[in-house]
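Read off the chains here:
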Amino acid sequence: MTTITSATTGREWEYVIGLEVHCELATATKLFCACPNEFGAEPNTNVCPVCLGLPGSLPVLNRRAVELAMRLGRALHCTVEPSVFARKNYFYPDMPKDYQISQYDRPTNVDGWLELADGTRVGIERAHIEEDTGKSTHVGGGGRIHEAGYSLVDYNRAGVPLVEIVSRPDLRSPDQAKAYVSELRGVLLATGASDAKMEEGSLRVDANVSVRPVGETSFGTRCEIKNLNSLRSLGRAIEYEARRQIDLLESGERVVQETRHWDEEGGRTRSGRSKEEAEDYRYFQEPDLVPLVPDPAWIAAIDESMPLLPADRRARLAEVVGGPSAAATAIAIAVERGLDGLALQAIAAGGDPGRVLTHVEHDLAVDGAERLDPASLAALVQMEVDGQLTATQAKQVLAEMIETGSDPGAIALARGFEAMDTAELEVVVDELIAAHPGEWDEFVSGDDKRRGKLTGFFVGQVMKATKGKADGKVVTRLLEDRRAGSN
Amino acid sequence: MSAQELAAAIRAGERSARDVLDEHLATIEAREPQIHAFNLVLADEARAAAEAIDRRVAAGEDPGPLAGVPVALKDNLCTRGTPTTCSSRILEGWCPPYDATVVERLRAAGAVIVGKTNLDEFAMGSSTENSAFGPTRNPHDETRVPGGSSGGSAAAVAAGFVPVALGSDTGGSIRQPAALCGVVGVKPTYGLVSRYGLVAFASSLDQIGPLTTTVADAALVLEVIAGHDPRDSTSIPEPVPALSAVLDHGVEGLRIGVVSELLGQGVAADVVARVHAAADALARAGATVEPVSVPAVTYGLSAYYLIAPAEASSNLARYDGVRYGPRVDAATTGEMMTATRTRGFGAEVKRRIMLGTYALSAGYYDAYYGKALRVRTLIGRDFAAAYEHHDLLLSPTSPTTAFPLGDKTADPLSMYLSDVCTIPSNLAGHPAVSVPFGTGADGLPVGVQLLAPALHEATLLRAAAVLELAREEAS
C-alpha cells in the first residue's frame, strides 16, 4: 500500500482517488448531426445549425456513437441499460445552446470494473454519453478570459461525441491512477471506441482526490482536479493535492469541496471557483430526444464481436510464457505497447520466451517495433542462446533490424559478428537432418505449430554445431528449401 | 375563396397564381396598418413564387395540392435567408440559414409564402400584446385582441390577408386565437408534424398546425405538413393520415363526451351556451353526446405553468449575445450575457425564464417540476379513461370571446386563464381543433373545441366538418 507519511507529525495517510475520464468517440460524424468529427480542421468549418444550436434546430442521435459507447461499456463489464438524455444547464460562451446534452440519472453503461495489470479491480460506476463543447482562445492578457483583449471561439469540437467513464473511489496511489488510465486507454484502443490521444485532447482526466488516516474506512472531503492531459500531470497533481489536504487537516483546518485546476509550471493546484458560485445544473430530461433503449440483440452482437482486451492478451501471453509471476511487468509492457502479438509469434517460431520478453521490455520501445518480423526476432534470440551474439551485440543487431528490416544473420555478418557462408552452412544443415530423421519427418509432415517448434530445434542444433556463427534466418530458409524438395 | 378552391382553380389554369396573390396583397395593403398581423410581408418573393407556379401550370406540370395558395407563417418558423424574429428584440437581424421542415413541405406543395406573422414574444402569451413590435388587433373588432400567441396568423386569416396561416401551439396558441378570430385552428398530435425549424418555446409541448377558414383547408394543409422527418427525433414514423378524403363521413354512431370540468367557473355563459349548441348539432347528426368527467384537467394550468417555463428557461438560454442577435458590451462574459438578456427580452419572457429556472433548481425540483410531471401523467391517464367510452371530447376553446387590448396585461394570472381549456391536450400530446360556432352576446366569434386521442385527426376533423356545416345551415 502506498501511504504518505506526514513530515511534521509522522502520521500515515492514505490516498482515495476516483477518476472521471472523458474521451472522444472515434465516429466519423458528431453526436447529434452529420458534421465531420475530425481534429485540426480550420476553425468553424465543421459546423451546421444543429451543432451550433441555432434556433429551431434539433439533435438527432448518432447510432455509431451509441454503438462505440456500448462496446466500451461491455469491455468494462458494465450493464447496458435503457438510458435517457438530459440537459445540463449552464452558461458558457463556447457552448452553443448554453446547455450540454448529457446523460444524468439514467446512463447507458452502469456498474462495471476494470482490471489493472497488477490484478487490482477498479469499480466503474458508469460510462455515459455526452456532447463536447467548443473551444475558446483568449487573446492577450496571458490567455485568461477576464484579462484578454478579445476571445475567439471555435465550434468545430461542439457536438463531438464523448463518453465519460466514472470510476469508483478505488484507486489508492498516483501510480495506480496512472496505471488505470493506461489500462483504460488500452481498452479504448482495443475496442476501437476512441483513438485516446491525450495530446490532442481526445482523452482528458478529472481526478477526485481525498485523503484519510491509514485505518480509517470513511471518506474525507474531496476536491476535483480538472482537465489533466498527461499521465505525468495526473500523478503530480494527485500527489500535490493529497499533501495539500494533509497539511490542511493536520493544522486543524477543513478541506473545502471544490473544483481545482492543475498549474503544470507551478507544480500546484489552484482553486477553480468559489463556493458561492456553486453550480446548479438544473438537469431535466432532454425533450428533443427520445429515450435510448438498445435492442438486446444489438448488445449480444457487440459482445460477440468483442476483441481480446488487454487483460485477455496478458493472460494469453502469460500462458505461453508459462506463469505470469516473473515476467508480469514485461508482459504488461508488451500488451501496453501492442507488441504481445509479435512476442507470441516469435515464441511460436522457436524464440526463447524469456529473451523475447526481455527485448520487448527493454529494446522495443521504438517506432516500427511492431513491424518486426517474428521469425527474425526468434532467430536473433536463438543466436543469443547459442552464444553467437552477446547481449550487447544482440541489442545492436535488433536496433538495425527495426531500422532496415534486414535479417539478424546478415547484420551480424556485416558488423563482423562472424558468420558462415551459405555453402558451408548447407553442409551442416544436411548433416543435422541426417542425424535427426524422426524430427525431420515431423518437420516435413507436421502442422504449422509443430513445424515452428522444430524450426527452433534445427536452428538451435545448427547454431550449436557452428558455435553460433550461423545466420538463423538463412538456416530457416535452408530448412524450408529442403522441406519443399522432399515433398 | 378557400385554399382548396383557389388551388383547384390555379391548377386547372382558370386563375393565375399571380392574380390571386395580387388580390391578397391588395387586401393586406388596405388593412394591415390597422391590424398589424405581419412582422414582415414578402411581396417580391411571393410574386416570384406565384409566377413560377403559373409557369409550371402553363408547362402542364402539377405544382402541388397548395398550388398558388398564399400562406402566412408565424414568425417563429425558420425561413432561409429571411428574418425570423419570434417578435423579440433579442433575435433582431437574425436570418436562419435554413427552412423549417414545414416550410419546405409547403413550398414543395406549391404554397406561396406571403409573410411572417406577429406573435407574443417567443410564443409566450394569449393576446399577441407581448410582441416587441406592437400588438396585433382583432379584425372583428380592432379594439380587441386577436388572442395569442399565434394572434398574427389568426388575424391574417380572419382579415382575408391569406386563406392559410401556420401557427404553433404550446398551450393553446393556435386554437385560442382561432376561436377569438372566428377561424379554424388545429393542434395536431405531438410528433405528427416535424418541429425542425420551429424556434422552441417548450419542446415537449410545441406543435405546429394550420389556421384556415374551413375545416377542409385545415385537413389539406395538415396532409401537406404532416409526416415523419428524420431531423426531428420526436417525429412519429407513421404514414401521413388521409384526412381530406374522410371529411364527409359524418359523426353517425360516434360517442362524444362534453367535458364537465371545462364548463365550470370562469367560462362565460354565452360561451357555455355555444358549446351546448354544438353538442346538440353533433347529436342531431347522429352522435351520442353526454357529459363526461376528466378530473385531472383542472390541474392542467398549474402543471403547464411549471413545465413550459422550465423548458423555456433552457431553450432560451442560447440567446446570450455570443453568436447572433444584438450584444450589450460589458466587462465580463457574465455581465455581457446578463446585460444582453436584460435588454433583449420582454417582461413576460423574463417572468417565465425566472419561473422555470426556479422550478428546475436543485432545492425545488421535486416540489414543482417533478410534481408537474406527475400531474401530466395523471392527465394522460384521465384522458385515456375518458376515451375508453368516448371517441371525442367537446369543450369551449377559450373561456371568453376576444377581450379588449390592455385588459389583462397587468395581471398575468388572468391572462394565463385564457388557456385553461386548451392546455390539457398539449400536456397529453393529443390533437385538438377549434371550430368557429357562432357568436357571443357581444357579437364576437366563439370557438368550440374538439379533442381526440393521439393520431385520431381524421375523426376529429370529421366532427369539425359536421359543426361547420351545422353553423352554415343555422346562419
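Preceding this paragraph is the structure being described.
This structure is a prediction, so every number in the text was calculated from the model and none was measured.

1. Observations concerning the state of the cysteines
Right, on to step 1. Inspection of every chain in the model, using the stated rule, returns zero disulfides over all chains.
Right, on to step 2. For Cys78(A), which is in no disulfide, the shortest distance to another cysteine sulfur is to Cys23(A) and amounts to 13 Å.
Right, on to step 3. Residue Cys78(A) is classed as buried on the basis of its relative accessible area of 2%.
Right, on to step 4. Unpaired in terms of disulfides, Cys95(B) finds its nearest cysteine sulfur in Cys78(B), a separation of 11 Å.

2. A short note on empty space enclosed by the protein
Right, on to step 1. In this structure the tally under the stated criterion is four cavities of 30 Å³ or more.
Right, on to step 2. Volume-wise, the largest cavity comes out at about 120 Å³.
Right, on to step 3. Residues belonging to the lining of the largest cavity are distributed by class as follows: nine nonpolar, three polar and six charged.

3. Looking at the sheet that holds strand E3 (residues 112-117) of chain B
All names here are of chain B.
Right, on to step 1. Read from one edge to the other, the open sheet built from 11 strands follows the order E1-E3-E2-E4-E6-E5-E10-E11-E9-E7-E8, with strand pairing classed as mixed. Each edge of the sheet is formed by a strand with only one pairing partner; in this case those strands are strand E1 (38-41) and strand E8 (288-292). For this sheet, the mean inter-axis angle between neighbouring strands, taken without regard to orientation, is 30°.
Right, on to step 2. Note: strand E4 (residues 164-169) against strand E6 (residues 207-212), six bridges, orientation antiparallel. Each bridged residue has a counterpart across the sheet, and for Val-164 the counterpart in E6 is Thr-212.
Right, on to step 3. The strands touched by helix H5 (residues 151-158) are E1, strand E2 (70-74), E3, E4 and E6; relative to E4, the strand with the most contacts, the crossing angle is about 155°.

4. Describing the interface of chain B and chain A
How big an interface is tends to be reported as the loss of accessible area on association of its parts.
Right, on to step 1. The partner chain A presents 33 residues to the 40 residues of chain B that form the contact.
Right, on to step 2. Between chain B and chain A, roughly 2,700 Å² of surface is buried when both sides are summed, and carbon and sulfur atoms account for 58% of that area.
Right, on to step 3. A per-residue breakdown of the area chain B buries against chain A is headed by Ser233(B), Arg318(B) and Arg323(B), which together make up 22% of the total.
Right, on to step 4. On inspection of chain B and its partner chain A, the count reaches two salt bridges.
Right, on to step 5. In this structure, Arg195(B) and Asp288(A) form a salt bridge, with 2.9 Å as the shortest nitrogen-oxygen distance.
Right, on to step 6. Secondary-structure elements contributing two or more residues to the side of chain B that touches chain A are helix H9 (300-315), helix H10 (333-344) and helix H11 (347-360) of chain B.
Right, on to step 7. Element by element, the count of residues in the side of chain B that touches chain A is highest for H9(B), at five residues.
Right, on to step 8. Each residue belonging to the side of chain B that touches chain A can be placed in one class, and the counts come to 20 nonpolar, 12 polar and eight charged.

So, how was this worked out
Residues numbered from 1 in each chain as written. Chains lettered and ligands numbered in written order. Predicted model: local features only at pLDDT ≥ 70, side-chain atom pairs only at ≥ 80, totals over all residues. Heavy atoms only, no water. Disulfide = S-S within 2.5 Å. Buried < 20%, exposed > 50% of the residue type's maximum accessible area, 1.4 Å probe, protein only. 1 Å grid on protein atoms, 1.4 Å probe; cavity = no way out; pocket = protein on both sides within 12 Å on 5 of 7 lines; lining within 4 Å. Points joined across faces, edges and corners; volume = space filled by probe spheres on them. Nonpolar A, V, L, I, M, F, W, Y, C, P; charged D, E, K, R; others polar. Pairing = 2+ DSSP bridges. Helix = DSSP H or I, 4+ residues; strand = E, 2+ residues; numbered from the N terminus. Axes fitted to C-alpha atoms, helices over the stretch in contact; angles between N-to-C directions. Contact = heavy atoms within 4.5 Å. Buried area = accessible area lost by both parts, 1.4 Å probe. Salt bridge = Lys/Arg side-chain N within 4 Å of Asp/Glu carboxyl O.

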